[in-house]
Amino acid sequence: KKKALLGVADAKIGAAILEELGYQCQTGGVVAEILRGIRLHFHALVKGLTAQSASKAQLGLGHSYSRAKVKFNVNRVDNMIIQSISLLDQLDKDINTFSMRVREWYGYHFPELIKIVSENYTYCQLAKFIGNRKELSEESLEGLEEIVMDSAKAQAILEASRSSMGMDISPLDLINIESFSSRVISLSEYRKGLQEYLRSKMSQVAPSLSALIGEVVGARLISHAGSLTNLAKYPASTVQILGAEKALFR
């Protein structure tokens, strides 16, 4: 009578069984084919198990394995930083583009405001607050001062509105400009919140890196490297090349 052989899919497990229990295990192509056949016809080999139940069990096992892989991903905190800095850069580009559109659009009605106010966020706030420049009066001076934080600049805006060379604009156009300005303002405020989130995340994950080069530049380095672990493994020469990129200090 031939001896039965124990087939094992993993060669390391076979070696461990041989070492601990003294049983010779076979691994290789034949064992893999047999196991594949068992998996394929498992529902026929086990009493009371249907093909549908086996399929559901395999699907559940696959989901559990995937969840475990995601849950124990060592780079999961790094991923939050990488996504945050990427979104921050994208927001900077979008806010600049949208702000220039507000300047161009509202500039038809009040072109002098562009020269008085250079900061995009403040300009969008003013475009929303002023609306029709002809309705701007001394009563609006206090509201202007709250936005620009400068009484002389607020007075200059008021005087410029009285002698502006801009064209008249319809109420419907003003509604659209004010609505778009509100969107740009909300995006700018969200960007501030995102930057605070990134700072707190960097202080938790990479406090030394944050203290050394700052949270934003540190996050960009992690993003370029792919993860904090990769960055830590890089030699000084590679970090120097990464640090020389202009995109790092935008």
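Higher on the page you've got the structure.
Let me sum up the structure you'll find in this document. Just so it is clear, the structure is predicted and the values come from calculations on it, not from any experiment. Chains are numbered independently. Their residues run from 1 in the order of the written sequence. Only residues with pLDDT of 70 or above have their local features reported here, since the model is predicted, and side-chain atom pairs are shown and tallied only from 80 upward, although totals for entire chains, interfaces and linings are computed over all residues. Working from all heavy atoms in the structure, the side-chain values ignore hydrogens and water.

1. Description of the overall build of the chain
Note on conventions: DSSP H or I runs of at least 4 residues are helices, E runs of at least 2 residues are strands, and numbering of each starts at the N terminus. Across its full length, the chain carries 14 helices and two strands. By its C-alpha atoms, the chain is 110 × 50 × 25 Å across when sized along the principal axes. In this scheme, a residue with accessible area under 20% of its type's maximum is buried, one over 50% is exposed, and one in between is partly exposed, where area comes from a 1.4 Å probe on protein chains only. Residues counted as buried form 31% of the 250 residues belonging to the chain. For the chain, long-range pairs separated by at least 24 residues make up 54% of all intrachain contacts whose partners lie at least 6 apart in sequence. Roughly 16600 Å² of accessible area belongs to the chain as shown, and the carbon and sulfur atoms make up 58% of that amount. Taking the average place of the 30 positive charges on the side chains of the chain and the average place of its 26 negative ones, the gap between the two points comes to 19 Å. In this description, contact between two residues means that some pair of their heavy atoms is separated by no more than 4.5 Å. Computed with a 1.4 Å probe, the accessible areas rest on the Shrake-Rupley method; for each residue, only the protein chains presented here act as cover. Lys and Arg are tallied as positive, Asp and Glu as negative. Neither His nor the chain termini are counted. For charged residues, the charge sits on one atom: NZ in Lys, CZ in Arg, CG in Asp, CD in Glu.

2. What to know about the pattern of salt bridges
Salt bridge, as used here: a side-chain nitrogen of Lys or Arg that lies within 4 Å of a carboxyl oxygen of Asp or Glu. For the coordinates displayed, the defined rule picks out seven salt bridges. Among the salt bridges present, the one from Asp89 reaches Arg220, with a minimum N-O distance of 2.5 Å. Residue Asp89 is found in helix 5 (residues 76-107), and its partner Arg220 is found in helix 12 (residues 215-225); the two are separated by 131 residues along the sequence. According to the relative accessible area criterion, Arg220 is buried, its value standing at 4%. Two residues, Arg162 and Glu138, come together in a salt bridge whose shortest N-O distance is 3.0 Å. Within this pair, whereas Arg162 is found in helix 9 (residues 151-162), its partner Glu138 is found in the loop between helix 7 (120-130) and helix 8 (141-148), the two being separated by 24 residues in sequence.

3. So, the environment of Ala160
Structurally, Ala160 can be placed in helix 9. Separated by 47 residues in sequence, Ala160 and Leu113 place their C-alpha atoms 7.6 Å apart. In this view, Ala160 contacts Phe110, Glu112 and Ile116; residues no more than four positions away in its chain are not counted.

4. Topic: the environment of Glu178
Structurally, Glu178 is set in helix 10 (residues 171-205). Assessed through its relative accessible area of 26%, Glu178 is described here as partly exposed. Aside from chain neighbours lying at most four places away, what touches Glu178 is Ala127, Lys128 and Gly131.

5. Thoughts on a negative patch on the surface
Together, Glu142, Glu145, Glu146 and Asp150 line one region of the surface with negative charge. Residue position: Glu146 is located in helix 8. What goes into a patch is any residue over 30% in relative accessible area without a salt bridge, connected to like charges within 9 Å or, for nonpolar side chains (Val, Leu, Ile, Met, Phe, Trp, Tyr), within 5 Å.

6. Looking at the nonpolar core
To form a nonpolar core, buried Ala, Val, Leu, Ile, Met, Phe, Trp, Tyr and Cys residues must be joined to one another through side-chain atoms within 4.5 Å. Within the largest apolar cluster, 26 residues are counted, with the highest numbers of intra-cluster contacts made by Tyr106, Leu113, Leu126, Ile130 and Ile157. Looking at this core, the elements that each hand over two or more residues are helix 5, helix 7, helix 8, helix 9 and helix 10. Tallying contributions element by element places helix 7 first for this core, with six residues. Leaving out residues up to four positions away in the same chain, Ile130 has contacts with Tyr106, Phe110, Leu113, Leu136, Leu144 and Ile157. Core analysis: the second largest hydrophobic core is formed by 18 residues, Leu88, Ala206, Ala219 and Leu242 among them.

7. A short note on the packing of aromatic side chains
To describe a pair of aromatic rings, you give the distance between the ring centres and the angle between the ring planes. Stacked, tilted and edge-to-face pairs are distinguished by plane angle, under 30 degrees for stacked and over 60 for edge-to-face with tilted covering the rest, among Phe, Tyr and Trp rings (Trp via its six-membered ring) whose centres lie within 6.5 Å. For the structure on display, the rule yields four aromatic pairs. Summarising the aromatic geometry, the rings of Trp105 and Phe180 are spaced 6.3 Å apart at their centres and angled 50° between planes, so their arrangement reads as tilted. Residue Trp105 is found in helix 5, and its partner Phe180 is found in helix 10; the two are separated by 75 residues along the sequence. An angle of 65° between the planes, with centres 6.4 Å apart, marks the rings of Tyr106 and Phe110 as edge-to-face. With respect to class, Tyr106 is no different from Phe110; both count as buried. Taken together, the ring pairs in this structure connect Phe98, Trp105 and Phe180 into an aromatic cluster. Note on geometry: a ring has a charge over it if NZ (lysine) or CZ (arginine) is within 6 Å of the ring centre and within 35 degrees of the ring normal. Over the ring of Tyr123 we find Arg103, and its NZ or CZ is 4.7 Å from the ring centre. In this structure, Lys192 is placed above the aromatic ring of Tyr121, and the distance from its NZ or CZ to the ring centre is 4.2 Å.

8. What about the side chain of Asn132?
Of note, Asn132 is situated in the loop between helix 7 and helix 8. Sequence-distant contacts of Asn132, defined by excluding residues within four places in its chain, comprise His109 and Leu174.

9. Remarks on the packing of helix 7 against helix 10
To define axes, lines are fitted to C-alpha atoms, for helices over the stretch in contact only, and angles between the resulting N-to-C directions are given on a 0 to 180 degree scale. At their nearest, the axes of helix 7 and helix 10 sit 9 Å apart, and the two run at 145° to each other. As helix 7 packs across helix 10, the resulting crossing turns out to be left-handed. Of the residues in helix 10, those in contact with Tyr121, Cys124, Gln125, Ala127 and Lys128 of helix 7 are Glu178, Ser181, Ser182, Val184, Ile185, Ser188, Glu189 and Lys192. Three residue categories are used. Nonpolar comprises Ala, Val, Leu, Ile, Met, Phe, Trp, Tyr, Cys and Pro, charged comprises Asp, Glu, Lys and Arg, and polar comprises the others, including Gly. The residue makeup of the contact of helix 7 with helix 10, split by class, is five nonpolar, four polar and four charged. In this scheme the crossing of two helices becomes right-handed for a clockwise turn of the near helix relative to the far one and left-handed for an anticlockwise turn of less than a right angle.

10. Remarks on the side chain of Gln195
Following the sequence through the fold, Gln195 ends up in helix 10. In contact with Gln195, other than residues within four places in its own chain, are Leu88 and Val216.

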